[in-house]
Amino acid sequence: MDRIPVAGPSITQKEIEYVTDAVTNAWYGNANMYHGRFEAAFAAYVGRKYAMALPSCTAALHLALAGLDLKPGDEVVVPETTWIATSAPISYVGAQPVFADIDPHSWCLDAASFERTISARTRAVIPVDLYGNLPDMDAIVELASARGIAVIEDAAEAIGSESRGRKAGSFGLASTFSFHGSKTLTTGEGGMLVTDDEPLYRRCLQLRDHGRAAGGKMFWNVEVAYKYKLSSMQAALGLAQLERIDELIARKREIFSWYQKALEGFEGITLNSEAATIKNTYWMVTAIVDERFGLAKEELIAALGQEGIDSRPFFYPLSSMPAYASWPQAQGARSRNRVAYNLSPRGVNLPSALSLTQEKVRYVCDRLRRILARQLAA
Ligand SMILES: *Cc1c(COP(=O)(O)O)cnc(C)c1O
């Protein structure tokens, strides 16, 4: 049997046809034909006025923050548990990331912890829809708007997820998505910025195009800015994937249900949660293993690897990593952000690729049970 991959896309004839059409026809006067269609369809899907296709979610977060005009010393709150792409752009614009704890059930930003991190310098918060779940957006948005703090939702992992019937990507001032090859909807590499705020949208259009004003003189730059664009081939791939989004999400939810079934009755593993108000699209099926097994995630990943199964570590707390070792905002975070520090050493992302079969999920769960049983016997 081939190795079981941890993540990967579903590509059909439709994607091949759209990309073939783009590489054949999206030149000259038609160069942008797929961008417009992809952006309009994406904005309609998440329920936003504006969507801007970008080379990555990192670029989308960078632009959104740049559009806020932060000053050195300004603070932006992020959850401890996320990929560094959420927090790195805060440094790009010269502001300071502040790390808040996560909720023990959703694994997303905890609203009360966010409230405790707010200072006179807090200008923005970036809640993350971790592994397809959503935080308590109502509480976060309310806390933030009462204090004039901008909410930028990092929905990279949650296309199609919902909170109280509202789609991920529709909360706060702006939201961002990733179309990296591991994500539910992919363009290989890519991202999207969505917002209802026209001034922010216009500002980001200029910032992503080397500071050229819309409708301005050719090759005339009014400021030094960035170059963040997606190719037509990627936009075509994204449009094809978006036209199949219900199918992709149904498959993600089905994969999760296979895991639930195969692990039914096994004590000591907690999978992703789905609160009554949430629709979780389970980007990554994730297992937290009970402390009593005394098994670190790195050991579990190695043991699964020996069985031909690829898996990934639950995100390390941002404040624990060398990248932030010298940051004042990381000092003391371990004792403040107990949930993130408690869960991270015991969490593993299990294979969640769209190519998975139920038979493979059964095999993964069988090996997982065996590894854990062996651990208890030792
Ligand atoms: C994947 C991911 C990103 C980064 O996306 P890129 O497109 O690789 O820049 C950002 N935030 C989260 C939570 C992610 O999972």
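Residues numbered from 1 in each chain as written. Predicted model: local features only at pLDDT ≥ 70, side-chain atom pairs only at ≥ 80, totals over all residues. Heavy atoms only, no water.

Caption draft 1: Local environment of the overall build of the protein chain. Looking only at helices and strands, the protein chain has 13 helices and 14 strands in total. Taking 2.2 N^0.38 as the reference for a compact globule, 378 residues should give roughly 21 Å; the C-alpha atoms of the protein chain span a radius of gyration of 21 Å, in line with that estimate. Overall size of the protein chain, expressed as C-alpha extent along the three principal axes, is 75 × 55 × 35 Å. With 378 residues in all, the protein chain has 55% of them scored as buried. Restricting the contact set of the protein chain to residue pairs at least 6 apart, pairs at least 24 apart contribute 71%. A total accessible area of about 16100 Å² is found for the protein chain, and carbon and sulfur atoms account for 52% of it. The distance from the centre of the 40 positive side-chain charges to the centre of the 42 negative ones in the protein chain is 2 Å. (Helix = DSSP H or I, 4+ residues; strand = E, 2+ residues; numbered from the N terminus. Rg over C-alpha atoms; globule rule 2.2 N^0.38 Å. Buried < 20%, exposed > 50% of the residue type's maximum accessible area, 1.4 Å probe, protein only. Contact = heavy atoms within 4.5 Å. Areas by Shrake-Rupley, 256 points an atom, 1.4 Å probe, with all protein chains shown as cover. Lys, Arg positive; Asp, Glu negative; His and termini not counted. Charge placed at Lys NZ, Arg CZ, Asp CG, Glu CD.)

Caption draft 2: Quick look at the site of the ligand. Every one of the 14 residues lining the ligand counts as a neighbour, but Thr58, Asp154, Glu157, Ser178 and Lys183 are closest to it. Between an oxygen atom of the ligand and a side-chain N or O atom of threonine 58, the distance comes to 2.5 Å. A distance of 3.2 Å separates an oxygen atom of the ligand from a polar side-chain atom of lysine 183. Alone, the ligand offers 380 Å² of accessible surface; in the complex the protein occludes 93% of this. For the shell around the ligand, a count of residues per class yields five nonpolar, six polar and three charged. (Near = heavy atom within 4 Å. Polar contact = N/O pair within 3.5 Å; in protein donor to acceptor, adjacent residues only side chain to side chain. Nonpolar A, V, L, I, M, F, W, Y, C, P; charged D, E, K, R; others polar.)

Caption draft 3: Layout of helix H6 (residues 137-146). Among all positions of H6, only Met137, Ile140, Leu143 and Ala144 are buried. Around the axis of H6, the buried residues are gathered within 140° of arc, so they sit on the same side. Opposite its buried face, H6 presents the exposed residues Glu142 and Ala146, each directed more than 90 degrees away. Against helix H5 (111-117), strand S4 (122-125) and strand S5 (150-154) lie the buried residues of H6. (Arc of directions from axis to C-beta.)

Caption draft 4: Representation of the pattern of salt bridges. This structure, assessed with the given rule, holds 19 salt bridges. Between glutamate 254 and arginine 251 there is a salt bridge, and its shortest N-O distance comes to 3.2 Å. Here glutamate 254 pairs with arginine 251, and both are found in helix H9 (residues 245-262), just three residues apart, close to one helical turn. On the basis of relative accessible area, arginine 251 is assigned to the partly exposed category, the value being 31%. In this structure, aspartate 290 engages arginine 292 in a salt bridge whose closest nitrogen and oxygen atoms are separated by 3.5 Å. Note on aspartate 290: relative accessible area 30%, which makes it partly exposed. We classify arginine 292 as partly exposed; its relative accessible area is 48%. Linked by salt bridges that have partners in common, Glu307, Asp366, Arg367 and Arg370 make up one network. (Salt bridge = Lys/Arg side-chain N within 4 Å of Asp/Glu carboxyl O.)

Caption draft 5: Representation of the sheet that holds strand S7 (residues 166-167) in the model. In space, the three strands of this open sheet follow the order S7-S6-S11, with antiparallel pairing throughout. In the strand order of this sheet, the two ends are held by S7 and strand S11 (278-279), each with one partner. Where strand S6 (residues 162-163) lies against S7, two bridges are found, and the strand directions are antiparallel. Each residue of the ladder has a partner; that of serine 163, found in S7, is arginine 166. (Pairing = 2+ DSSP bridges.)

Caption draft 6: Fine view of the sheet that holds strand S1 (residues 50-54). What the seven strands build is an open sheet, ordered S1-S9-S8-S5-S4-S2-S3; its pairing is mixed. Edge positions in the sheet fall to S1 and strand S3 (96-100), since each has one partner strand and no second. Each strand axis lies, on average, 25° off the axis of its neighbour in the sheet, ignoring direction. When strand S2 (residues 75-79) meets S4, the two strands line up parallel, connected through three bridges. When the sheet's bridge partners are listed, glutamate 75 is paired in S4 with threonine 122. (Axes fitted to C-alpha atoms, helices over the stretch in contact; angles between N-to-C directions.)

Caption draft 7: View of a nonpolar patch on the surface. A surface patch of nonpolar side chains, amounting to about 410 Å² of accessible area, comprises Val23, Trp27 and Tyr28. Here valine 23 shows up in helix H1 (residues 13-25). In this structure valine 23 comes out as partly exposed when scored by relative accessible area, which is 44%. (Patch = residues over 30% accessible without salt bridge, like charges linked within 9 Å, V, L, I, M, F, W, Y side chains within 5 Å.)

Caption draft 8: Highlighting unusual backbone geometry. For tyrosine 28, which is not glycine, the phi torsion reads 50° and is therefore positive. Structurally, tyrosine 28 can be placed in the loop between H1 and helix H2 (33-46). Overall, the relative accessible area of 82% leaves tyrosine 28 in the exposed class. Positive phi is not limited to glycine here, since phenylalanine 219 has a value of about 55°. Checked against the element boundaries, phenylalanine 219 lands in the loop between helix H7 (198-207) and helix H8 (232-243).

Caption draft 9: Structural detail: H1. An ideal rise of 1.5 Å per residue puts 18 Å on 13 residues; H1 measures up with 18 Å between its terminal C-alpha atoms. When H1 is considered as a whole, its buried residues turn out to be Glu15, Tyr18 and Ala22. Viewed end-on, H1 has its buried residues packed into an arc of 70°, placing them on one side of the element. (Expected span 1.5 Å × (residues − 1).)

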